[in-house]
Amino acid sequence: MIQLIRGFKDILPGEVELWQHIEKTARSLLESFGFKEIRIPILEHAELFARSIGEDTDIVEKEMYTFSDRKGDLITLRPEATASVVRSYIQHKLYAKDPVRKFYTIGPMFRRERPQKGRYRQFYQINAEVFGIDSPFIDAQLIFLLSVFFKKLSATELKVHINSLGCRICRPEFKKALSVFLSAAKEELCSDCRRRSNRNPLRVLDCKVPSCCSAMADAPSILDHLCSECSRHFEAVKNALEKFKISFVVDKRLVRGLDYYTRTTFEIQTGLLGAQNAVAGGGRYNSLVKALGGPDQPAAGFAIGLDRFVEITDLKAKDFAQNPDIFIAALGEKSMSMAFDWSCAFGLEGIIAELDFAGKSLKSQMKRADRLGAKHVLIVGEKELEEKAVILRNMTTKEQVMIPIDDIIETVKEKL
Ligand code: AMP
């Protein structure tokens, strides 16, 4: 038997209802705040990710599904959505009428990481991106939206971590100070970090290897190197969060795995998933639109990891399951034909109706109705057809009433 690819999964009925509820909540919340849906392709030119996420990141170095298509073009299964949304913003000149645009998108991402709890090779994200606004209010509003989203969906054991990564002006100074520190600490770093310390020293800050964590405890903090503009921006973000009554921790080691961030970065973390503690993350990326060939427009956004979220929420898929509203137990050929017509008519009215096509006994049809969790059963046999009235049984109260066949759809609708 052919099995799933490692790190991939099916989301089956019985689980998918929770996913649908989460997605519906996200759509409704984001649309209430002016975000419009954008659908971007799953495949993009590999170069898009190399240029935006950064050549020296784990994602680009070792996690992308990149292959050449029949013409030899290098294409990649998207590992994240921001780069594609930016590409689309530029390619379709979505800034032309008004540079301020807010988008959201929901869909699968692909990274060839080592699969473990909370980490998959195909995983799903809800992404939100805001273009054209440099105000710290937007950074705070994105975090506010995340906190409202998590509260609405009963995930409360979460912590907001924030940091600032500075900008083109102040980050180089910090990188220099960090590099000096790293060369002195070289012996204590893991082999990945020794390599990173030359090419991408910031990444050493969020290495999870214990020896690196302890070596980095006294590393210089970016927050001591922010220029006055970045400092003011960060203070304003914190003030706005306080105004929204969102508690947060300033985490000077939060650099996140993508190169394009400037100023604010944030992560929503959980204690429930071991090492994979980030349920959502995001930040500001003011230089990316220009770097990818667009106008000089600031931007900020976030990504929620749906797979991880589903694992930590207290909500259960069964609370959103849609059991049949009605099961039609039909006995005999004539009744079956009638029941089939009714089931289609119910469907058109948005009433979920099931019936049995196998001509089984009433007892076994009732058992099936019970198994399916049908709320009501309509019993129709030759006798009922003759008398032009059928039995409607409420499966919870066990109460039974006779209802006339004429106008049955309307009558049942009223009784459900
Ligand atoms: P990132 O794009 O790396 O900032 O990730 C944003 C969010 O996506 C994270 O906070 C996770 O919740 C989720 N995520 C990232 N990588 C994976 C993965 N391999 N499996 C499951 N979820 C992931």
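Look a little higher up for the structure.
Calculation rules
- Residues numbered from 1 in each chain as written.
- Predicted model: local features only at pLDDT ≥ 70, side-chain atom pairs only at ≥ 80, totals over all residues.
- Heavy atoms only, no water.
- Helix = DSSP H or I, 4+ residues; strand = E, 2+ residues; numbered from the N terminus.
- Rg over C-alpha atoms; globule rule 2.2 N^0.38 Å.
- Buried < 20%, exposed > 50% of the residue type's maximum accessible area, 1.4 Å probe, protein only.
- Contact = heavy atoms within 4.5 Å.
- Areas by Shrake-Rupley, 256 points an atom, 1.4 Å probe, with all protein chains shown as cover.
- Lys, Arg positive; Asp, Glu negative; His and termini not counted.
- Charge placed at Lys NZ, Arg CZ, Asp CG, Glu CD.
- Axes fitted to C-alpha atoms, helices over the stretch in contact; angles between N-to-C directions.
- Parallel < 35°, antiparallel > 145°, perpendicular 65-115°, else oblique.
- Nonpolar A, V, L, I, M, F, W, Y, C, P; charged D, E, K, R; others polar.
- Near = heavy atom within 4 Å.
- Polar contact = N/O pair within 3.5 Å; in protein donor to acceptor, adjacent residues only side chain to side chain.
- Phe/Tyr/Trp six-rings, centres within 6.5 Å; stacked < 30°, edge-to-face > 60°.
- Salt bridge = Lys/Arg side-chain N within 4 Å of Asp/Glu carboxyl O.
- Patch = residues over 30% accessible without salt bridge, like charges linked within 9 Å, V, L, I, M, F, W, Y side chains within 5 Å.

S.K.: How would you sum up the overall build of the protein? Please name residues and give values.
M.R.: Along the backbone of the protein there are 15 helices and 16 strands. Taking 2.2 N^0.38 as the reference for a compact globule, 416 residues should give roughly 22 Å; the C-alpha atoms of the protein span a radius of gyration of 28 Å, well beyond that estimate. In terms of overall dimensions, the protein has C-alpha extents of about 90 × 50 × 45 Å along its principal axes. Out of the 416 residues in the protein, the part that is buried amounts to 52%. By sequence separation, contacts in the protein at least 24 residues apart represent 70% of the contacts at least 6 residues apart. Carbon and sulfur atoms form 52% of the exposed surface of the protein, whose accessible area is close to 20,800 Å². Distance between charge centres in the protein, computed from 62 positive and 56 negative side chains, equals 4 Å.

S.K.: Account for the packing of helix 2 (residues 46-53) against helix 4 (residues 82-91), with residues named and values stated.
M.R.: As a packed pair, helix 2 and helix 4 sit with axes 9 Å apart at the nearest point and diverge in direction by 105°. For the element pair helix 2 / helix 4, the angle class is roughly perpendicular. The residues of helix 4 that touch helix 2, namely those facing L48, F49 and S52, are A83, S84 and R87. Here the contact of helix 2 with helix 4 is built from residues that sort into three nonpolar, two polar and one charged.

S.K.: Got a sec to walk through the site of the ligand? Specific residues and values, please.
M.R.: Around the ligand, the surrounding shell holds 16 residues, and the nearest of these are R111, E113, Y120, R256 and A278. Between an oxygen atom of the ligand and a main-chain N or O atom of V279, the distance comes to 3.1 Å. Within the backbone of A280, an N or O atom sits 3.4 Å from an oxygen atom of the ligand. Coverage of the ligand by the protein amounts to 93% of the 480 Å² it exposes when considered alone. Looking at the shell around the ligand, the elements that each hand over two or more residues are strand 6 (122-131), strand 10 (278-284) and strand 11 (299-305). Counting residues per element, the shell around the ligand draws most heavily on strand 10, at four residues.

S.K.: I'd like a rundown of the packing of aromatic side chains, residues and numbers included.
M.R.: Geometry of an aromatic ring pair is reported as the spacing of the ring centres plus the angle between the planes. In this structure the tally under the stated criterion is 15 aromatic pairs. Considering the side-chain rings of W19 and Y124, the 5.5 Å spacing of their centres and the 80° angle between planes classify their relative orientation as edge-to-face. Separated by 105 residues along the polypeptide, W19 in helix 1 (residues 16-32) and Y124 in strand 6 bring together distant segments of the chain. Among the residues examined, W19 registers a relative accessible area of 5% and is labelled buried. Each member of the aromatic cluster is reached from another via a ring pair, and the members are Y89, Y95, F103, F131, Y260, Y261 and Y285.

S.K.: Break down the pattern of salt bridges for me, with residues and values.
M.R.: Using the criterion set out here, one finds 26 salt bridges in the structure. E61 is the partner of R195 in a salt bridge, and the nearest nitrogen-oxygen pair spans 3.3 Å. One end of the pair, R195, is in helix 7 (residues 191-199); the other, E61, is in helix 3 (residues 58-63), and 134 residues separate them in sequence. Since its relative accessible area comes to 33%, R195 is described here as partly exposed. Exposure remark for E61: the relative accessible area of 32% places this residue in the partly exposed category. Each of D58, E61, K62, D192, R195, R196, R199, R203 and D206 takes part in a single network of salt bridges with overlapping partners.

S.K.: Any chance you could break down a positive patch on the surface for me, citing the residues and the numbers?
M.R.: On the surface, a cluster of positive charge is contributed by K360, K363, K367 and R371. Inspection of the secondary structure puts K363 in helix 13 (residues 362-372).

S.K.: Describe in detail the environment of S361, supporting the description with residues and values.
M.R.: Among the secondary structure elements, S361 is positioned in the loop between strand 13 (353-355) and helix 13. Measuring from C-alpha to C-alpha, the distance between S361 and A83 comes to 59 Å, with 278 residues separating the pair along the chain. Reaching out from S361, the side chain makes a polar contact with the backbone nitrogen of S364 at a distance of 3.1 Å.

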